[in-house]
Amino acid sequence: MKIAVASEHRGFKAKDKILSLVSQLHHEALDFGPATDEMCDYPDFAARAALAVSRGEVDRAILIGGTGIGMNIVANKFNGVRAALCHDDLSAEMSRHHNDANILCMSVDLLGEQFATRMIEVWLATPFEGGRHARRIAKIEQLEHALRKPDATS
């Protein structure tokens, strides 16, 4: 899979480790910024990665912020994006199994490196379960189309 990885300044150091981990797990890791740890605005980088997911240019994305909350809010503004803010491997697994999450949002302030590594491994390896969950995802997509935001992908 092609995986976009983006952060803001607080998640910058973790971003490089995550890019390396994604590559080690045999996925194509794409750096969506920032290029330095200088203070920056998280919407700029979350939007860049979420737009790539929305357009189908990448399969999934991982966003790293201080809390991950802002990154999650931004990502979910884009059509077709199902971003999940996860704090443990169970929430990461369920976000894939039940919600077909295509963006994982993480808090660099709340997670240790070993714990974050396990979450990412689980999230990337977990398939969407389908079944009754597919019906629910279809309802989310219907809502998204009914409430169609101005198309940010054009």
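Up top is the structure.
Report follows, based on the coordinates. Bear in mind the structure is a predicted one, so any value in this text is a computation, not a measurement.

Regarding its fold elements, the protein presents 6 helices and 5 strands. Its helices and strands in sequence order give the protein the pattern β-α-β-α-β-α-β-α-β-α-α, from N to C terminus. Over its C-alpha atoms the protein spans a radius of gyration of 14 Å, differing by no more than 12% from the 15 Å that the globule rule assigns to 154 residues. With respect to the three principal axes, the spread of C-alpha positions in the protein is 40 × 30 × 25 Å. Once local pairs closer than 6 in sequence are excluded, the contacts in the protein between residues at least 24 apart make up 69%. When the accessible surface of the protein is summed, it comes to about 7,900 Å², and 53% of that surface belongs to carbon and sulfur atoms.

This part covers the packing of helix α1 (residues 12–24) against helix α5 (residues 113–125). Their axes nearest at 11 Å, the elements α1 and α5 cross at an angle of 40°. One way to sum up the angle between α1 and α5 is to call them oblique. Where α1 crosses over α5, the two elements pack in a sense that is right-handed. Contact residues: α1 offers K17, I18, L21 and V22, while α5 offers E113, T117, I120, E121 and L124. Its residues assigned to classes, the contact of α1 with α5 comprises 5 nonpolar, 1 polar and 3 charged.

This part is about the pattern of salt bridges. Applying the stated criterion to the full structure yields 6 salt bridges. The salt bridge involving D31 is made with K15; its shortest N-O contact spans 2.8 Å. Highlighted residues: D31 in strand β2 (residues 28–31) and K15 in helix α1, separated in sequence by 16 residues. On the basis of relative accessible area, K15 is assigned to the buried category, the value being 0%. Residue R55 is joined to E57 by a salt bridge in which the shortest nitrogen-to-oxygen separation is 3.8 Å. Taking relative accessible area as the criterion, R55 reaches 41% and is therefore assigned partly exposed. According to the relative accessible area criterion, E57 is partly exposed, its value standing at 44%.

Further remarks concern the layout of surface pockets. In this model, the largest pocket occupies a volume close to 260 Å³. Lining the largest pocket are 17 residues, and of these N76, V81, R82, I140 and E144 lie nearest its centre. Listed by contribution, the elements that provide at least two residues to the lining of the largest pocket are β4 (83–85) and α6 (132–146). The element contributing the most residues to the lining of the largest pocket is α6, with 5 residues. Its residues assigned to classes, the lining of the largest pocket shows 9 nonpolar, 4 polar and 4 charged. In terms of lining residues, the second largest pocket is bounded by 15 residues, among which A14, I18, G112, E113 and A116 are the most central. For the lining of the second largest pocket, the secondary structure elements donating two or more residues are α1, β5 (103–107) and α5. If you tally residues by element for the lining of the second largest pocket, the top one is α1, at 5 residues.

The rules we used
- Residues numbered from 1 in each chain as written.
- Predicted model: local features only at pLDDT ≥ 70, side-chain atom pairs only at ≥ 80, totals over all residues.
- Heavy atoms only, no water.
- Helix = DSSP H or I, 4+ residues; strand = E, 2+ residues; numbered from the N terminus.
- Rg over C-alpha atoms; globule rule 2.2 N^0.38 Å.
- Contact = heavy atoms within 4.5 Å.
- Areas by Shrake-Rupley, 256 points an atom, 1.4 Å probe, with all protein chains shown as cover.
- Axes fitted to C-alpha atoms, helices over the stretch in contact; angles between N-to-C directions.
- Parallel < 35°, antiparallel > 145°, perpendicular 65-115°, else oblique.
- Left-handed = near helix turned anticlockwise from the far one by under 90°.
- Nonpolar A, V, L, I, M, F, W, Y, C, P; charged D, E, K, R; others polar.
- Salt bridge = Lys/Arg side-chain N within 4 Å of Asp/Glu carboxyl O.
- Buried < 20%, exposed > 50% of the residue type's maximum accessible area, 1.4 Å probe, protein only.
- 1 Å grid on protein atoms, 1.4 Å probe; cavity = no way out; pocket = protein on both sides within 12 Å on 5 of 7 lines; lining within 4 Å.
- Points joined across faces, edges and corners; volume = space filled by probe spheres on them.

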